[in-house]
Amino acid sequence: MEGEAHQRGARSPPPDPGGDRDEDERLRELMRLCYEEGIMPHNIHPGEMSIEGREVRFKVNEHIDRVKIAWLKEHTVTVIFRERARFLPKKVKDDIVRAYEDDKIQDGSFEAENFRRGRVKVESPNVVSYVAKSRAIASWMVTKGHDEITIGQDTYKLEFKPWLSKAQLREQRREEDDLTFWVVAVQVPLDSFFYLEAQVARAIGPIVRTHPTEPDRLKPSLVNIKFDNDPTSRPNMKDKIWVITPEGDELEVKLASSETPRCRRCRAFFHTDNECRRGARQNQPNSQPGGGGQQSASSQGY
Ligand SMILES: [Zn+2]
């Protein structure tokens, strides 16, 4: 805490002194201004630039980046929402992280009037990064390691880790995907809805949980249903269920899972961002009918 009070007044970047230790101090102060106050340094070396057409690439300075990573490691906690906690809305996840700040204020670790809140950034459906204003709170959470919280009748598991790089986050996400296995039945017709749960269980494996039905984003008259399955049944994943009726009709239900391509723009399965027809309708005469008025999924928090 002691390091913070006298730094607070510094609004403009400090002058550039000579010497490596001084230089590191100056860099650390620039990091603080950037990640706490939101002021980007204008006089930092931008990196070695190369231009390819209308894209530009910067190879950043190794030393500066090492100082940056060290600073982020000291101040940033990666909060992992385990199991069911993954499905909590973004707002609730935010509130949970804030509650840890409140805890530390209430137990007298910080003076309430001097304490300022850190930033919470969503990294993936079950991971947020929390940049604490105080090293003390970050290291307290990392030392704590994990926690369980109760909301209503449900208990949720959280894990706290030091800052993770992009590559580590990817690895973290892959591990999480290995522990969970879900199947979404996409655009289910009414006729086959009746059999769906029994058929998914029969074709793929035991169902741990069936989520509430949701209207399909592209065809709101059809529903999507998500099942959490036992992870051991992952190898049994299927791409489609066909239901043959006694009248000879063949009803198609498409199945998606974490490996299925998914668009981050419209959240629909079976296409990627680049292939998305949303927002590019004027160029794409084939755009889906019936999907026009729907909002994007961003309002759902994940
Ligand atoms: Zn899309």
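Residues numbered from 1 in each chain as written. Predicted model: local features only at pLDDT ≥ 70, side-chain atom pairs only at ≥ 80, totals over all residues. Heavy atoms only, no water.

### Considerations on unusual backbone geometry
Of note in this structure, Glu-83 is not a glycine but carries a positive phi near 50 degrees. Note that Glu-83 resides in the loop between strand S3 (76–82) and helix H4 (90–106). Classification of Glu-83 by relative accessible area gives partly exposed; the value is 49%. The backbone of Arg-267 shows a phi angle near 65 degrees, a positive value even though the residue is not glycine. With respect to the element layout, Arg-267 can be found in the segment after strand S13 (250–256). (Helix = DSSP H or I, 4+ residues; strand = E, 2+ residues; numbered from the N terminus. Buried < 20%, exposed > 50% of the residue type's maximum accessible area, 1.4 Å probe, protein only.)

### Considering the environment of Pro-220
On the secondary structure map, Pro-220 appears in the loop between strand S10 (214–215) and strand S11 (223–229). Classification of Pro-220 as partly exposed rests on a relative accessible area of 38%. Remark: the alpha-carbon pair of Pro-220 and Gln-187, spanning 33 residues in sequence, is separated by 8.6 Å.

### Some remarks on the confidence of the model for the chain
Segments scoring low in pLDDT should not have their predicted coordinates read at a detailed level. On average, residues of the chain carry a pLDDT of 81, and 83% of them reach 70 or more. Mean pLDDT per element in the chain: helix H1 (residues 2–5) is the minimum at 43, and strand S1 (residues 48–52) is the maximum at 95. Between residues 1–10, whose pLDDT stays under 50, and residues either more than four places distant or in other chains, the model counts 12 contacts. Scored below 50 in pLDDT, residues 281–302 shows 26 contacts in the model against residues more than four places distant or in partner chains. (pLDDT = per-residue confidence, 0-100. Contact = heavy atoms within 4.5 Å.)

### Quick look at the coordination of the zinc ion
Bound to the zinc ion on the protein side are Cys-263 (SG), Cys-266 (SG), His-271 (NE2) and Cys-276 (SG), at distances that span 2.1 to 2.4 Å. Coordination geometry of the zinc ion: the four donor atoms subtend angles of 100 to 120 degrees at the metal centre, consistent with an arrangement described as tetrahedral. Positions of the donor residues of the zinc ion along the chain correspond to the pattern C-x2-C-x4-H-x4-C. The class of Cys-266 is buried, set by a relative accessible area of 4%. Accessibility expressed as a relative area gives 15% for His-271, which makes it buried. (Donors = N, O, S within 2.8 Å, 3.2 Å for Na, K, Ca; no water. Tetrahedral: all angles 85-135°; square planar, octahedral: opposite > 155°, others 65-115°.)

### Side note on helix H3 (residues 62–75)
The end-to-end C-alpha distance of H3, which contains 14 residues, comes to 20 Å, matching closely the 20 Å that a straight helix rising 1.5 Å per residue would cover. The complete set of buried residues in H3 reads Ile-64, Val-67, Trp-71, Leu-72 and His-75. The buried residues of H3 occupy an angular sector of 135 degrees when projected down its axis, which confines them to one face. Facing away from the buried side of H3 by over 90 degrees, the exposed positions are Glu-62 and Arg-66. Packed against the buried residues of H3 are helix H2 (20–37), S3, strand S5 (127–131) and helix H5 (135–144). Its side-chain oxygen 2.8 Å from the backbone nitrogen of His-63, Asn-61 forms the N-cap of H3. (Expected span 1.5 Å × (residues − 1). Arc of directions from axis to C-beta. Polar contact = N/O pair within 3.5 Å; in protein donor to acceptor, adjacent residues only side chain to side chain.)

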